[in-house]
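Secondary and tertiary structure notes
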Amino acid sequence: MKFKVITISFLAIAIGYLGYTRWSKKQLETDKISYNFQIRPILSDKCFACHGPDPSKRAANLRLDLQDSAYAPLKNTIGSFAIVPGNPEASELYKRICSSYPEYQMPSPEAHLGALTKAETELFRKWIEQGAKYEKHWAFTPPVKAELPKISQKSWAKNEIDYFVLSKMEAMGLAPNDAADKERLLKRMCFDLIGLPPTLAQIEKFRPNQSEHAVEDMIDELMAMPQYGEKMALHWLDVARYADSYGYQDDNIRSQWPWRDWVIYAFNQNMPYDQFLTLQLAGDLIPNATKADILPTGFLRNHKYTEEGGVIDEEYRIQYVADKTKTYTKGILGMTMECAQCHDHKYDPLKQKDYYALFAFFNNSKEVGFEGAVEVSQPAKNPKMTITDEDAQSILKFLNKKDTGNIVVSVMGERDTLRKTYILNRGLYSAPTTEVQPAAIPAVMTFDNNHFERNRMGLAKWTVDKRNPLTARVFVNQIWQEIFGRGIVKTSGDFGMQGELPTHPDLLDWLSVDFMEHQWDIKYLIKKIMLSATYQQSAKVTKAQLAIDPDNSYLSHGPRNRLNAELIRDMVLSSSGLLHPELGGPSVKPYQPKGLWEAASSGRGVLATYKKDEGKDLYRRGMYTFIKLTVPPPSMGIFDASNRDQCEVKRTKTNTPLQALVMLNDPTVLEASRFLAQKLLAESKDIPKQIEKAFQLIICRKPTNNERNILTKYFDDQLVMFTKDKAKATKMLEIGEYPLDKQVETIPSAAMMKVVNTIYNMEEAITKS
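Summary of the structure given here.

The rules we used
Counting restarts for each chain, with residues numbered from 1 along the sequence as it is written. Two thresholds apply to this predicted model, a pLDDT of at least 70 for residue-level local features and 80 or more for giving and counting side-chain atom pairs, whereas whole-chain, interface and lining totals are computed over all residues. Only heavy atoms go into the side-chain values, all of them from the structure, while hydrogens and water stay out. Every helix listed is a DSSP run of H or I at least four residues long, and every strand listed is a run of E at least two residues long, numbered separately from the N terminus. For the radius of gyration, the atoms used are the C-alpha atoms, and the globule rule reads 2.2 Å times the number of residues raised to 0.38. Note on exposure labels: buried denotes an accessible area under 20% of the residue type's maximum, exposed denotes more than 50%, and partly exposed covers the range between, all computed with a 1.4 Å probe on protein chains only. Note on definitions: a residue-residue contact is assigned when non-hydrogen atoms from the two residues lie within 4.5 Å. Per-residue accessibility takes into account occlusion by the displayed protein chains alone, with areas from the Shrake-Rupley method and a 1.4 Å probe. Geometry of aromatic contacts follows a simple scheme: Phe, Tyr and Trp rings, the Trp one being its six-membered ring, pair when their centres are within 6.5 Å, and the pair is stacked under 30 degrees between planes, edge-to-face over 60, tilted otherwise. To sit over a ring, a charge needs its Lys NZ or Arg CZ within 6 Å of the ring centre and within 35 degrees of the ring normal. Grouping into patches uses exposed residues only, defined as over 30% relative accessible area, and leaves out salt-bridged ones; the cut-off is 9 Å for like charges and 5 Å for nonpolar side chains (Val, Leu, Ile, Met, Phe, Trp, Tyr). Take a side-chain nitrogen of Lys or Arg and a carboxyl oxygen of Asp or Glu: if they are within 4 Å of each other, that pair is a salt bridge. Throughout, nonpolar core names a set of buried Ala, Val, Leu, Ile, Met, Phe, Trp, Tyr and Cys residues whose side chains join them through atoms within 4.5 Å. An expected span of 1.5 Å times one less than the residue number is assigned to each helix. Polar contacts, as used here, are pairs of N or O atoms within 3.5 Å; protein pairs need one atom able to donate a hydrogen and one able to accept it. Residues neighboring in sequence count only if both atoms are side-chain atoms.

Helix and strand counts for the protein chain come out as 31 helices and six strands. Relative to the globule expectation of 27 Å for 769 residues, the C-alpha radius of gyration of the protein chain, 29 Å, shows essentially globular dimensions. Its C-alpha atoms give the protein chain principal-axis dimensions of about 95 × 65 × 45 Å. The proportion of buried residues among the 769 residues of the protein chain is 59%. In the protein chain, the share of contacts with a sequence separation of at least 24, taken over all contacts with a separation of at least 6, comes to 71%. Looking at the protein chain as shown, the accessible area adds up to about 31,200 Å², and 53% of this sits on carbon and sulfur atoms.

Below you can see the structure in the form of structure tokens.
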């Protein structure tokens, strides 16, 4: 028998497996081998290309991803079996992975996948000896609360999280860091909870506080601030692909911002996550639904919408339904369901029929594919909801409605008659085949028709059912990712077979069950994480830690991550005093380079040219910056902000020279530097003292003596330079629209502005450490 193997990359699974290699070697002789966590990653990396779910690539009619197939007699080699439970020497799989003979060895040399290592073949030997037991994919089994593992340093643990983390650390040969100092910990908590740097008053209050409840009290204080809802909403706007325009060619304006206001409100009210999801998936289907119930369904209407004349209505309608399906599965279930739109999924147990059965839940909307060209563009598309002044003063009080005109928002609404759904051949709108009925993903959890309605409300109930193995896990993982920079499952949008394995599976399950047991309480979940010793560690990194765990997957030190693009803007505005803290309302247009919209515009519609806002609207938080899908905000894009054209659960992180140029030259940063410099000089002429204050406002800690001396000398140098060239100082101080304080001298203002701008350009300024 000869298995033909093609070259294919399974890098994600390979990397996931490497995290377990050290653990596997240590536990090999004593523990039971796990198919999910030790065997399947190797099979997926080395074998599934030819012996996996894809029938078009399958060799020798052998599937190694299914137990029955792996145990069955080999059709091409009479009397042989790929796997004989309990007997590795009789198992063709084991003999071939151990062989060095090119014609017999698997994977074959021409596949260029590489032979299995000695440790890997030993894992297979042990697994087969133990009975070669297959397991359902870990993410499709309901989470359970495991017993807390035994650890050697019980005094280090502050709560249950630390037991799981320290246990894995010890297995990896790592030890936890000391606790972070109070200033850095406060900065970390502030950016994680409100997305803003701490004020000097908060620093002075927290730094000397030796109470055992100091951290908890500060967490409660920050969670009670309205800015908490803004910070929490930011990630959900990425998931929901929120934007202020329709996209496509003409990319005209839309008015979905009331939905954004609702998201901020929901987080500030600590709405339970199950209710948060139910309202967004099916609020319009609640009996006697009010506008407060219907508005959240704007979540499903944030997708792009064409206004180009001549398009085929049904083609685009199908695209919108597919977008809803992808957003739901990726953002809420952590599944790559879109891979089954054209054919059965190549790796996950998802059939094309399953895709269209799920698709059917969203296929009965009143929405159409085309509703008029740009000449008759409306800020919302049917089905839509009108918000009046009376609504904003009663049932929708949380809205920041600034004018007296009505606002229209795109929402969900069902047709009076049921639209049939068909499997589409190769995903083509014009090629319907077999009719399907609405049903959720069977591989995840059975959709019981007696318990769940066959509509979006039934889907919502299925989604938040505590037996669903994915919903809580996926959200807990996203919260963990927001705090630590990477999830317990690194591939936060893919909990399937090709996603990475969780570094701490028992911890993820424990937190998920605990989250549901506490009624899906989001603030409780975040507080639990932040009160752990794991979270409160110093971010210092030793060479030993880098050598063993360069990505800090095993959490032997605190998180050290660059701030999100919006939070960099917020940090600059807040620390300088320029920030206008208004909550909610329509999006605003701050400074951006001239000509960008014009160069990428069709010339039609109200967004053909960019008209910068004036006054306080120039100084709003980054999350309120107007997002035009075809030309996203450039400064934020340079810092890896989502362009919002599709659901995104994890932003990329790049490090480019353009980012340094933004911090050096962006008008907002320069204006903030000038404003803060003049404010400091107006307060006091004690230059070293005011430089120290600027440092604390921006970096959130006191400077060292060396840092203070360097900055003071820099001020003196700049003072000399600008004294020689006052015109240069005058020109620099003209940057930005906020009025110049004429009472403060020009030369010292320019010199201090340069010092402040230098502090803003420190890496620590834009890093949560």
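Enumeration over the complete set of coordinates arrives at 37 aromatic pairs. Arranged with centres 6.5 Å apart and planes meeting at 55°, the rings of Tyr316 and Tyr320 form a pair that is tilted. Residue Tyr316 and its partner Tyr320 are both found in helix 15 (residues 313-331); the two are separated by four residues, about one turn of the helix. Just above the ring of Trp510 sits the side chain of Lys145; from NZ or CZ to the centre is 4.4 Å. When the ring centre of Phe626 is taken as reference, the NZ or CZ atom of Lys589 above it lies at 4.6 Å.

Turning our attention to a nonpolar patch on the surface. Where nonpolar side chains cluster on the molecular surface, the patch consists of Leu658, Leu661 and Leu664 and spans about 270 Å² of accessible area. On the secondary structure map, Leu661 appears in helix 26 (residues 657-665).

Met189, Trp236, Trp259, Trp262, Trp462, Ile526 and Tyr760 are the most contacted members of the largest nonpolar core, which has 182 residues in total. No other element matches helix 31 (residues 746-760), which puts nine residues into this core. In this view, Tyr760 contacts Met571, Val572, Ser575, Ser576, Met663, Val669, Ala672, Ser673, Leu676, Ile698 and Ala765; residues no more than four positions away in its chain are not counted. Grouped together as the second largest cluster of nonpolar side chains are 23 residues, Tyr35, Leu43, Leu116 and Leu123 included.

Looking now at the pattern of salt bridges. A complete count under the given rule lists 48 salt bridges for this structure. Between Glu230 and Arg621 there is a salt bridge; the shortest N-O distance is 2.9 Å. Of this pair, Glu230 sits in helix 11 (residues 227-239) while Arg621 is found in the loop between helix 24 (596-599) and helix 25 (634-638), placing the two residues 391 residues apart along the sequence. The pair Glu230 / Arg621 is uniform in exposure class, with both members buried. Arg456 is the salt-bridge partner of Glu414, the closest N and O atoms lying 3.0 Å from each other. Highlighted residues: Glu414 in the loop between strand 2 (407-410) and strand 3 (421-424) and Arg456 in helix 18 (residues 456-464), separated in sequence by 42 residues. Each member of the pair, Glu414 together with Arg456, is buried. One network of salt bridges, with partners in common, ties together Asp181, Arg184, Arg701, Glu707 and Glu764.

Another point: helix 28 (residues 687-699). Residues spaced three or four apart along an α-helix point in a common direction, a consequence of the helix completing one turn every 3.6 residues. With 13 residues, helix 28 extends 18 Å between its outermost C-alpha atoms, agreeing within 8% with the 18 Å of an ideal straight helix rising 1.5 Å per residue. Every buried residue of helix 28 is listed here: Ile687, Gln690, Ile691, Glu692, Ala694, Phe695, Gln696, Leu697, Ile698 and Ile699. On the buried face of helix 28, the contacting elements are helix 8 (182-193), helix 9 (200-206), helix 23 (565-576), helix 27 (667-683), helix 29 (705-724) and helix 31. A positive backbone phi angle near 75° is found at Cys700, which sits one or two residues after helix 28.

Residue Pro107 follows Met106 across a cis peptide bond; omega there is -10°. Tracing the chain through its elements places Pro107 in the loop between helix 5 (92-98) and helix 6 (118-129). In this structure, the amide linkage connecting Asn382 to the following residue, Pro383, adopts the cis form with an omega of -5°. For Gln519, which is not glycine, the phi dihedral falls at a positive 60°. Within the secondary structure, Gln519 sits in the loop between helix 20 (505-517) and helix 21 (522-530).

Among the structural elements, Lys650 can be located in the loop between helix 25 and helix 26. With relative accessibility at 31%, the residue Lys650 sits in the partly exposed group. When the C-alpha atoms of Lys650 and Lys611 are compared, they prove to be 31 Å apart, with 39 residues separating the residues in sequence. A polar atom in the side chain of Lys650 sits 3.3 Å from the backbone oxygen of Lys490.

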